[in-house]
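Structure assessment
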Amino acid sequence: FSQEQCMTFAMLAAEEFDIKEEHKKKARTRAQNVVNALLEEDRSLECIRAITEFLLPRGIGVHHGGLLPVMRELTESLFE
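Residues numbered from 1 in each chain as written. Predicted model: local features only at pLDDT ≥ 70, side-chain atom pairs only at ≥ 80, totals over all residues. Heavy atoms only, no water.

**Description of helix α5 (residues 69-79)**
As a reminder of what qualifies: Relative accessibility under 20% of the residue-type maximum defines a buried residue, over 50% an exposed one, and the middle range a partly exposed one, all with a 1.4 Å probe and only protein chains included. Only DSSP runs of H or I with at least four residues qualify as helices, and only runs of E with at least two residues qualify as strands; both kinds are numbered from the N terminus onward. Of all possible arcs, the one meant is that of the directions from the helix axis to the C-beta atoms. Every residue pair with non-hydrogen atoms within 4.5 Å of one another is taken to be in contact.
Among all positions of α5, only Met71, Leu74 and Thr75 are buried. Down the axis of α5, the buried side of the element spans an arc of 95 degrees, and every buried residue falls inside it. Contacts from the buried residues of α5 go to α2 (21-37) and α4 (46-55).

**As for the packing of helix α1 (residues 3-16) against α4**
When two helices pack together, their arrangement is given by the angle between the helix axes and by the axis-to-axis distance. The test is simple: Between the N-to-C directions of two axes lies an angle of 0 to 180 degrees, each axis being a line fitted to C-alpha atoms and, for a helix, fitted only over the stretch in contact. Angular relationships are summarised with four words: roughly parallel below 35 degrees, roughly antiparallel beyond 145, roughly perpendicular across 65 to 115, and oblique for the angles in between. For a crossing to be left-handed, the near helix must be turned anticlockwise from the far one by less than a right angle; the clockwise case is right-handed. Throughout, the ten residues Ala, Val, Leu, Ile, Met, Phe, Trp, Tyr, Cys and Pro are labelled nonpolar, Asp, Glu, Lys and Arg are labelled charged, and all others, Gly among them, are labelled polar.
Axis separation between α1 and α4 bottoms out at 11 Å; the angle between their running directions is 20 degrees. By the angle between their directions, the pair α1 and α4 is classed as roughly parallel. Taken as a pair, α1 and α4 cross one another with a handedness that is left-handed. Here Met7, Ala10, Met11, Ala14 and Glu15 of α1 come into contact with α4, specifically with Cys47, Ala50, Ile51, Phe54 and Leu55. Across the contact of α1 with α4, the residue classes tally to nine nonpolar, no polar and one charged.

**Focus: the nonpolar core**
Rules: Think of a nonpolar core as a cluster: buried Ala, Val, Leu, Ile, Met, Phe, Trp, Tyr and Cys residues, connected wherever their side-chain atoms sit within 4.5 Å.
Formed by 19 residues in total, the largest nonpolar core has its most connected members in Met7, Ile51, Leu55, Leu56, Val62, Met71 and Leu74. If near-sequence neighbours (up to four positions away) are discounted, Met7 is found in contact with Cys47, Ala50, Ile51, Leu55, Val62 and His64.

Structure follows, in structure tokens:
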């Protein structure tokens, strides 16, 4: 499926999914570190905000060719 569908399915899954608070904190901290290193124009992208503020803190990651490499790496590192 498409990148847009990937994000849509992830957002739907995140509405029903939750993880332990300690894991949320870890995801938020690591995501914020990555976001802080991005260019300002990249920080404001809707998909970056959706991933870092909504998906990752709920334990949902996305990994597709349309993401910035650093965002794919973040998803991979949190998956480990």
